Amino acid sequence: MNNDRDSRRREWWNRQKNHPPFNPSGHRRKAGHDYRGCCIYMITLVSKDRKPLLGTLRDSDTSNPDPWIEFSPLGHEVFRLWHNIPDYHPEIKMLRVCIMPDHLHGILHVTKSLSCHLGNVINGFKKGCNDVSRERFGDVLWETGYHDRILTGKGQLDAMFKYDDDNPRRLWIKRNHPEISRCIEM
């Protein structure tokens, strides 16, 4: 009986070796990638229950020819904390941040090897934001985990900059013209 159970366990374990590593947040990291090494990443964080706590979508006006996001006080604090990451990790250069009402896209460049996993850096940032959110709203700001995209291909960084720049316009179209929003998704 024990031999049969051990055999099934070995088979299960061998199947698991071919899968990306398990992450309790449900987000998988790229197998074999060194998340301490030099690289450019686009990080996406989502607010808990997709609550629009970070800002409000505004229509274009005389000062802004395109739709834009007006930050809430919490959104301003998140912006500040994002740009403070290099104070704690000088090996990281912040390239861009796009704060939307219910999520954030941040592009960062690890210029020298980190002493810790990139996930520790992101979790430190999230903890700072969650502390502010708990103080103001009595609850955490972010969902568990984060999504990362490793930018290594030619033109990927420029494409992500354009994606971030266009994010408020796509949200405006999605809200005001849901019948055509699927046609313009990237």
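The text that follows walks through the structure, step by step, so that each part is easy to find.

What counts, and where the lines are drawn
Residues numbered from 1 in each chain as written. Predicted model: local features only at pLDDT ≥ 70, side-chain atom pairs only at ≥ 80, totals over all residues. Heavy atoms only, no water. Axes fitted to C-alpha atoms, helices over the stretch in contact; angles between N-to-C directions. Helix = DSSP H or I, 4+ residues; strand = E, 2+ residues; numbered from the N terminus. Parallel < 35°, antiparallel > 145°, perpendicular 65-115°, else oblique. Left-handed = near helix turned anticlockwise from the far one by under 90°. Contact = heavy atoms within 4.5 Å. Core = buried A, V, L, I, M, F, W, Y, C linked by side-chain atoms within 4.5 Å. Buried < 20%, exposed > 50% of the residue type's maximum accessible area, 1.4 Å probe, protein only.

1. Quick look at the packing of helix H2 (residues 73-88) against helix H3 (residues 118-137)
And then number 1: Contact geometry of H2 with H3 gives a least axis separation of 10 Å together with a crossing angle of 155 degrees. Classified by the interaxial angle, the pair formed by H2 and H3 is roughly antiparallel. Note that H2 runs across H3; the crossing there is right-handed. Facing H2, whose interface residues are Pro-73, Leu-74, Glu-77, Val-78, Leu-81, Trp-82 and Ile-85, H3 presents Val-121, Phe-125, Gly-128, Cys-129, Val-132, Ser-133, Arg-136 and Phe-137.

2. Some remarks on the nonpolar core
And then number 1: One finds Val-78, Leu-108, Leu-118 and Phe-125 to be the most contacted residues of the largest nonpolar core, which totals 30 residues.
And then number 2: Elements that contribute at least two residues to this core include exactly strand E1 (39-46), H2, strand E4 (92-99), strand E5 (103-110) and H3.
And then number 3: It is H3 that provides the largest number of residues to this core, a total of 6 residues.
And then number 4: Setting aside residues up to four positions removed in sequence, Val-78 forms contacts with Leu-54, Ile-99, Leu-104, Phe-125, Cys-129, Leu-141 and Trp-142.
And then number 5: One finds Ile-40, Ile-107, Met-160 and Phe-161 within the second-largest nonpolar core, a separate group that totals 6 residues.

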